[in-house]
Amino acid sequence: MPQESMAKRVNPVATWDNVMLADETLRLLRTLASQARENQSERGGSGGAQGSDSRHGMVAIFTGESDADKTAAAEVLANDLDVKLYRIDLSSVASKWIWETEKNLSRLLSAAEEGDTILFFDEADALFGNRTSVGDDHNRYTSREAGFVMQLLETHRGLSILATSKPNNLDPAFTRRIRFIVAFEPPGQAKRERIWASAFPAGVPTDDLDVRLLAQLNISGALIHSIALQASSVAASTGSIVTTDSVLEVARREMRKLDRPINQPESP
């Protein structure tokens, strides 16, 4: 089991049935799950014949602004593959001291080898970001160390996921070595309309809700779900009903937290 100071065990609750992602994102995730399952089967059936690719782990990159969507996708994969999921605290793994990052990650991966796991690294650009000054000795060292870290991930038995909200910051030298890059973009308007229609808990009266208007908000499925739950909670606590205006009010509040403008006019 990975050390608690470096990794936190995540109880995966999201599944294919309830995750709220764009169709293309779901397609890529299902392909990733299929290939990860083949890796599991080959390791279990043959013990990983020497020289076989089945002895190597898989590394994927998740990109996008919504941390909730990326985490939910990792949960879906953990449930589908029936493996443990750990979220890695990069501030505990990464170190300014020479070779310490490699040593920390080596200890973490060794502990994880007790069984198949998914290791979810948040803010991966902290380790694999572009180096702005090629001639700087520290940057040369950091790039070399990142190469060692990538080698460790590629030999890990399970799936390693590098998550980032700033994909352009990732060093192309590392992204070229990664088979799966999954972008988590907000779903299209038609998909958002379906998500809004099913986002509210059973029993919450939403007959008059204008889901077409709400679907004009260019936001992630996870944020739609959060807004719907908050609006439902407010309505239940005040003895009122959920309305389009009350949902938009929650949406405005959540968008302010993210420092993003709401991209749609008030409902009439």
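For the structure, see preceding data.
First, a word on scope: everything that follows refers to the structure included in this document. All values reported here derive from a predicted model rather than from experimental measurement.

Rules behind the numbers
- Per chain, residue numbering runs from 1 following the sequence as it is written.
- Local features in this predicted model are restricted to residues whose pLDDT is 70 or higher, and side-chain atom pairs enter the listing and the counts only when it is 80 or higher, whereas totals over whole chains, interfaces and linings include all residues.
- The side-chain values count all of the structure's non-hydrogen atoms but skip hydrogen atoms and water molecules.
- Helix and strand labels come from DSSP, where a helix needs a run of H or I of at least four residues and a strand needs a run of E of at least two; each type is numbered from the N terminus.
- We call a residue buried when its accessible area falls under 20% of the maximum for its residue type, exposed when it is over 50%, and partly exposed in between, using a 1.4 Å probe and counting protein chains only.
- Residues count as neighbours in contact if any of their non-hydrogen atoms are within 4.5 Å of one another.
- We get accessible surface area from the Shrake-Rupley algorithm with a probe of 1.4 Å; when it comes to residues, only the shown protein chains can shield them.
- The way it works is a 1 Å grid over only the protein atoms, where trapped points that fit a 1.4 Å probe form a cavity and open points with protein on both sides within 12 Å along at least five of seven lines form a pocket, and then any residue with an atom within 4 Å of a point lines it.
- Grid points are joined across faces, edges and corners, and a volume is the space filled by probe spheres set on the points.
- By the convention adopted, Pro, Cys, Tyr, Trp, Phe, Met, Ile, Leu, Val and Ala count as nonpolar, Lys, Arg, Asp and Glu as charged, and the other residues, Gly among them, as polar.
- At least two bridges found by DSSP between two strands is the condition for calling them paired.
- In this description, a line fitted to the C-alpha atoms serves as the axis of each element, helices being fitted only across the stretch in contact, and the angle between N-to-C directions of two axes falls anywhere from 0 to 180 degrees.
- Between the first and last residue of a helix there are one fewer steps than residues, each counted as 1.5 Å, and that sum is the expected span.
- The scheme is simple: roughly parallel for angles under 35 degrees, roughly antiparallel for over 145, roughly perpendicular for 65 to 115, oblique for anything else.
- Should the near helix be turned anticlockwise from the far one by less than a right angle, the crossing is left-handed, and should it be turned clockwise, the crossing is right-handed.

A short note on the overall build of the protein
Next, step 1: Counting secondary structure elements, the protein contains eleven helices and six strands.
Next, step 2: Within the protein, buried positions represent 46% of all 268 residues.
Next, step 3: For the protein, restricting intrachain contacts to residue pairs at least 6 apart in sequence, the fraction spanning at least 24 positions comes to 78%.
Next, step 4: If you sum the accessible surface of the protein, you get close to 13700 Å²; carbon and sulfur atoms cover 49% of it.

With respect to the layout of surface pockets
Next, step 1: Counted as a void, the largest pocket has a volume near 420 Å³.
Next, step 2: Taken together, 20 residues make up the lining of the largest pocket; nearest its centre are Glu65, Ser66, Asp67, Ser220 and Arg260.
Next, step 3: For the lining of the largest pocket, the secondary structure elements donating two or more residues are α2 (67-81), α10 (221-238) and α11 (244-257).
Next, step 4: Class assignment for the residues of the lining of the largest pocket results in eight nonpolar, five polar and seven charged.
Next, step 5: Taken together, Ala14, Asn18, Val19, Met20, Ala68, Asp69, Ala72, Gly221, Ala222 and His225 make up the full set of residues lining the second largest pocket.
Next, step 6: Contributions of two or more residues to the lining of the second largest pocket are made by α2 and α10.
Next, step 7: Considered class by class, the residues forming the lining of the second largest pocket number six nonpolar, three polar and one charged.

Some remarks on the sheet that holds strand β2 (residues 58-63)
Next, step 1: With mixed pairing, six strands are arranged side by side in an open sheet as β1-β3-β4-β5-β2-β6. Pairing within the sheet leaves two strands with one partner each, and these edge strands are β1 (7-10) and β6 (180-183). Within this sheet the neighbouring strands show an average axis-to-axis angle of 25°, counted without direction.
Next, step 2: Across four bridges, the pairing between β1 and strand β3 (residues 84-88) is antiparallel. Its bridge partner being in β3, Arg9 is matched across the sheet by Tyr86.
Next, step 3: The sheet strands contacting α2 are β1, β2, β3, β4 (117-121) and β5 (159-164), and the helix crosses β4 at an angle near 170°.

Digging into α2
Next, step 1: An ideal rise of 1.5 Å per residue puts 21 Å on 15 residues; α2 measures up with 21 Å between its terminal C-alpha atoms.
Next, step 2: Across the 15 residues that make up α2, a large majority, eleven, are buried.
Next, step 3: If you check which residues of α2 are buried, you get Asp69, Lys70, Thr71, Ala72, Ala73, Ala74, Glu75, Val76, Leu77, Ala78 and Leu81.
Next, step 4: One or two positions beyond α2, positive phi appears at Asp82, with a value near 60°.

Focus: the packing of helix α8 (residues 189-198) against α10
Next, step 1: The contact between α8 and α10 brings their axes to 10 Å, and the two run at 30°. Considering their axes alone, α8 and α10 lie roughly parallel with respect to each other. Where α8 crosses over α10, the handedness of that crossing is right-handed. Across the interface between the two elements, Arg192, Ile195 and Trp196 from α8 touch Gly221, Ile224, Ile227 and Ala228 from α10.
Next, step 2: Split by residue class, the contact of α8 with α10 holds five nonpolar, one polar and one charged.

Considerations on the packing of α10 against α11
Next, step 1: Relative to each other, α10 and α11 sit at 125°, their axes nearing to 9 Å. Overall, the two elements α10 and α11 adopt an arrangement that is oblique. The way α10 lies across α11 gives a crossing that is right-handed. Note on element contacts: α11 touches α10 through Val247, Val250, Ala251, Arg253, Glu254 and Met255, opposite Leu223, Ile227, Gln230 and Ala231.
Next, step 2: Considered class by class, the residues forming the contact of α10 with α11 number seven nonpolar, one polar and two charged.

Notes on the environment of Thr117
Next, step 1: Examined against the element boundaries, Thr117 turns out to sit in strand β4.
Next, step 2: In sequence terms Thr117 and Ser160 are 43 residues apart; their C-alpha atoms lie 8.4 Å from each other.

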